[in-house]
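Take a look at the letters that make up each chain.
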Amino acid sequence: MFAESLGYSLLIAFGAVILGFFIGVVLAVVRIAPKKNIVIKILDKFAQAYITIIRGTPTLVQLLILYNSVLVFFKSMDTNLLVPIIAFGINSGAYMAEIIRSGISAVDRGQMDAGRSVGLPWITTMRKIVIPQAIKTVVPALFNEIITLVKETSVVSVIVLRVNNVQKYDLLGTAEKQGLRTPACYLVYLFAAAILYLAIVLLLTFLQHAIERSLKKNER
Amino acid sequence: MSDNLISIKGLYKSFNKRSVLNGVSCEIKKGERVVVIGPSGSGKSTMLRCMNLLIDPTFGEVWRKENLLTPVDPYLHPEIIRSSRTFKKLFKKTDGSEEAALETVAKIKKEDLLHEKNEGPEYSKKMREFYKTHALDVNLARQRVGMVFQHFNLFNNLTVLENLTLAPIELKLKTKEEANETAMSLLKRIGLEDKASDYPSTLSGGQKQRIAIIRALAMNPEVILFDEPTSALDPEMVGEVLALIKELADDGMTMVIVTHEIGFAREVASRVLFMDGGKILEEGTSDEIFNHPTCERLQTFLSKVL
């Protein structure tokens, strides 16, 4: 009974990580770009505001705001999996932006100088030289954020998930549903959900170490 | 100015109110090997980095051949000053002679009287037109100005071969095959072809710097800027790097070298600049500078380093 809900939890987390990472890289680059023209200055102000607001409000509130806005504007959706994916992606993007920005600042300035000196534009040097090195140094922090995000997806149990107009549940949602049905076993279901979250996190930790090892191999 | 590969004019640079360059001008002609010497903090590296705009000067202009890389500095162009309201106002009070006009221009320059926003449409138009006719994209201008850094700055996330081919391929100057071929022949030239697929972190300092030099060469540069290329090397590796630079010099490569290696400077320079306090204090052939220094500051400097 947990198999399907495990799938939904993972799908939401995976989608949110991808979206969050993309948003994070873009915001980090905007924050770090030299403020030479008005467009960059405006984008930078926007990025600052985004990060401040998202980090300053609870994930649960953000999810409920998005969920209810969608209800207001679209009435009903047959499939609304995108709602939590976008909500968590937007949320995680703000945190990843700060992580990636710290990684970019930690890359030796000489790398950018060297890229520019052979005629590469700023953004190409960022993309090909600086960001790959920045990501390498922030892998541990990034995985920290991904693990937090996976666990935070349990918050979706407060909204009604729908796929083809059938209500679906995430891990915690399933535990609660089963708990309502057989209250005597509620704790058992909660423990089962907890163990599954733990299993995902252990898998991610394993993945993190594998990635760190392979990145080190490149260096030596 | 046609045979000048790079010209800098009246450069001033300050970092947070600390001024590093105080009015530096010089031209680098084709085939020249210009060596810049001077005490630490004299602005040598800053001047070099201004030459390819890795540092933006606060005032002054940088030219690459016939093209302007910085914004227009009106103080360098009397005809632009003459179109300003400030000039017209001051000129009205004089007798109207050409001499008075020259004096007015000099006064405006000296006292920094121009205010961008209040100089009227004629002035703005002149500024815009001058910029439009001469400006060149900095990225384009840098393609054939190589640079070699004190700390090598090889791309750490790329192999040696990729370090050499990234720019030619990204900038669509060469196909991947052509770029690889050029890179391998350059590696062969310095005897490091077996390192092609290694990462920079596995190399010695001398190897890194020689690869940094051929990375510049891979772009087929017209001039190479060396920013203290041997200062971060173990003494035993200095020789191999200097030998390669010497080899390029003998091949006729135009270069500007900031260095503390006085012996090498003497040997390779076709012209020597001595800088201190953000100014070029003396300029001449290596014989003039090292054997017959005239300014006192240079004499004390040489007595300490020789």
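All of these numbers come straight from a predicted model, not from anything done at the bench.

The rules behind each value
- In this numbering scheme, every chain counts its residues from 1 along its sequence in written order.
- Chains carry letters from A onward and ligands carry numbers from 1 onward, assigned in written order.
- Under the rules for a predicted model, residues below a pLDDT of 70 receive no local features and side-chain atom pairs below 80 are neither given nor counted, while totals for whole chains, interfaces and linings still include all residues.
- Only hydrogens and water are set aside when side-chain values are computed; all heavy atoms of the structure are taken into account.
- Secondary structure elements follow DSSP: runs of H or I no shorter than four residues count as helices, runs of E no shorter than two count as strands, and numbering proceeds from the N terminus.
- Contacts between residues were defined by any pair of non-hydrogen atoms, one from each residue, lying within 4.5 Å.
- We get accessible surface area from the Shrake-Rupley algorithm with a probe of 1.4 Å; when it comes to residues, only the shown protein chains can shield them.
- In summary, the charge assignment counts Lys and Arg as positive and Asp and Glu as negative, without counting His or the chain termini.
- Where a charge lies is defined by one atom per residue type, namely NZ (Lys), CZ (Arg), CG (Asp) and CD (Glu).
- Two parts placed together each lose some accessible area; with a 1.4 Å probe, that loss summed over both constitutes the buried area.
- Definition used for salt bridges: Asp or Glu carboxyl oxygen within 4 Å of a side-chain nitrogen of Lys or Arg.
- Definition of a polar contact: a pair of N or O atoms within 3.5 Å, with one able to donate and the other able to accept a hydrogen when the atoms are protein atoms, and with sequence-neighbouring residues admitted only if both atoms are side-chain atoms.
- Put simply, a patch holds well-exposed residues, over 30% relative accessible area, that have no salt bridge, with like charges counted together within 9 Å and Val, Leu, Ile, Met, Phe, Trp or Tyr side chains within 5 Å.
- Relative accessible area decides the class of each residue, using a 1.4 Å probe on protein chains only: under 20% of the type maximum gives buried, over 50% gives exposed, and in between gives partly exposed.
- Whether two aromatic rings pair depends on their centres lying within 6.5 Å, for rings of Phe, Tyr and Trp, where Trp uses its six-membered ring; planes under 30 degrees apart make the pair stacked, over 60 edge-to-face, and the rest tilted.
- For a Lys NZ or an Arg CZ to count as sitting over a ring, it must be within 6 Å of the ring centre and within 35 degrees of the ring normal.
- Pairs of strands are assigned from DSSP output, requiring at least two bridges between the strands.
- For a helix, the expected span equals 1.5 Å multiplied by the number of residues minus one.
- Each direction from the helix axis to a C-beta atom contributes to the arc, which is the arc of those directions.
- Helix axes are fitted to C-alpha atoms over the stretch in contact, other axes to C-alpha atoms as well, and angles between N-to-C directions run from 0 to 180 degrees.
- In this scheme, roughly parallel covers angles under 35 degrees and roughly antiparallel covers those over 145, while 65 to 115 is roughly perpendicular and the rest are oblique.
- For any helix crossing, the convention is left-handed if the near helix is rotated counterclockwise from the far helix by under a right angle, and right-handed if that rotation is clockwise.
- The nonpolar core is taken to be a set of buried Ala, Val, Leu, Ile, Met, Phe, Trp, Tyr and Cys residues, with the residues joined through side-chain atoms within 4.5 Å.

A. Representation of the overall build of chain A in the model. Along chain A, the regular secondary structure elements total eight helices and two strands. When the helices and strands of chain A are placed in sequence order, the string is α-α-α-α-α-α-β-β-α-α. With respect to the principal axes defined by its C-alpha atoms, chain A has extents near 70 × 45 × 30 Å. Here the contacts in chain A between residues at least 6 apart in sequence split such that 76% fall between residues at least 24 apart. Accessible surface computed for chain A: about 11,600 Å², of which carbon and sulfur atoms make up 70%. In chain A, 22 side chains carry a positive charge and 12 a negative one; their mean positions are 6 Å apart.

B. Fine view of the interface of chain B and chain A. Chain B puts 25 residues into the contact, and the matching count from chain A is 22 residues. In this assembly, chain B packs against chain A so that about 2,000 Å² is buried in total across both faces, 53% of it on carbon and sulfur atoms. Between the two partners, chain B and chain A, sit four salt bridges. Summed over the shared surface of chain B and chain A, the result is nine residue pairs in polar contact (both at pLDDT 80 or more).

C. Spotlight on the environment of Glu236(B). Along the chain, the position of Glu236(B) falls in helix H10 (residues 235–250). Sequence separation between Glu236(B) and Gly31(B) is 205 residues, and the spatial gap between their C-alpha atoms is 29 Å.

D. Layout of unusual backbone geometry. Residues and elements named next belong to chain B. Phi at Asn16 takes a positive value of approximately 45 degrees, unusual for a residue other than glycine. Here Asn16 lies in the loop between strand S1 (4–15) and strand S2 (18–29). With a phi angle near 60 degrees, Lys172 is a residue other than glycine that sits in the positive phi range. Secondary-structure assignment places Lys172 in the loop between helix H7 (160–170) and helix H8 (176–189).

E. Summary view of a nonpolar patch on the surface. A surface patch of nonpolar side chains, amounting to about 390 Å² of accessible area, comprises Ile38(A), Val39(A), Ile42(A) and Leu43(A). Relative to the helices and strands, Ile38(A) resides in helix H2 (residues 38–56).

F. Molecular detail of the pattern of salt bridges. In this structure the tally under the stated criterion is 22 salt bridges over all chains. With its nearest N and O atoms 2.4 Å apart, the salt bridge here joins Arg271(B) to Glu283(B). Of the two residues, Arg271(B) is situated in strand S9 (residues 271–276) and Glu283(B) in strand S10 (residues 279–284); the sequence distance between them amounts to 12 residues. Owing to a relative accessible area of 13%, Arg271(B) belongs among the buried residues under this scheme. Overall, Glu283(B) belongs to the partly exposed group, its relative accessible area being 42%. The network of salt bridges with shared partners includes Arg109(A), Asp113(A), Arg49(B) and Asp227(B).

G. Just the packing of aromatic side chains, in detail. All names here are of chain B. Overall, the coordinates contain five aromatic pairs over all chains when judged by the stated rule. Judged by centre distance (6.4 Å) and plane angle (75 degrees), the rings of Tyr12 and Phe59 are edge-to-face. With Tyr12 in strand S1 and Phe59 in strand S4 (residues 59–64), the pair connects residues that are 47 residues apart, well separated along the chain. The class for Phe59 is partly exposed, based on a relative accessible area of 47%. Stacked on the ring of Phe155, the Lys or Arg Arg215 has its end atom at 4.5 Å from the ring centre.

H. Quick peek at the pairing of S2(B). Residue and element names in this part refer to chain B. With nine bridges joining them, S1 and S2 adopt antiparallel strand pairing. Within the sheet, the bridge partner assigned to Lys13 lies in S2 and is Leu21. Between S1 and S2, which pair antiparallel in sequence order, lie two residues; one of them, Asn16, sits at a positive phi of approximately 45 degrees.

I. A look at H10(B). All names here are of chain B. Between the first and last C-alpha of H10 there are 23 Å, a value that for 16 residues agrees with the 22 Å anticipated at 1.5 Å per step. Of the positions making up H10, those classed as buried are Met237, Val238, Val241, Leu242, Leu244, Ile245, Leu248 and Ala249. The buried residues of H10 occupy one face: seen down the axis, they fall within an arc of 155 degrees. Of the residues in H10, the exposed ones pointing more than 90 degrees away from the buried face are Glu236 and Asp250. Directly beyond the C-terminal end of H10, a positive phi value near 95 degrees is found at Gly252.

J. The side chain of Ser5(A), seen in detail. Structurally, Ser5(A) is set in helix H1 (residues 2–32). In terms of polar contacts, Ser5(A) uses its side chain to reach the backbone carbonyl oxygen of Phe2(A), at 2.8 Å.

K. Just the packing of H1(A) against helix H6 (residues 122–152) of chain A, in detail. Residue and element names in this part refer to chain A. Where H1 meets H6, the axes come as close as 10 Å, and the angle between the chain directions of the two elements is 135 degrees. When the interaxial angle is binned, H1 and H6 end up oblique. The handedness of the crossing between H1 and H6 is right-handed. When H1 is examined against H6, the residues Ala13, Ala16, Val17, Phe21, Val25, Val29 and Ile32 are found in contact with a partner set consisting of Trp122, Ile123, Met126, Ile131, Ile135, Leu142, Ile146, Leu149 and Val150.

L. Here's a closer look at the nonpolar core. Phe88(A), Ile100(A) and Ile104(A) are the most contacted members of the largest nonpolar core, which has 51 residues in total. Elements with a contribution of two residues or more to this core: H1, helix H3 (59–74), helix H4 (82–106), H6, strand S1 (161–163), helix H7 (171–181) and helix H8 (186–219) of chain A. If sequence neighbours within four positions are ignored, Phe88(A) has contacts with Ile12(A), Ala16(A), Thr59(A), Leu63(A), Leu149(A), Glu152(A), Thr153(A), Val155(A) and Val156(A). Of all hydrophobic cores here, the second largest spans 46 residues; its members include Leu203(B), Ala249(B), Leu298(B) and Leu302(B).

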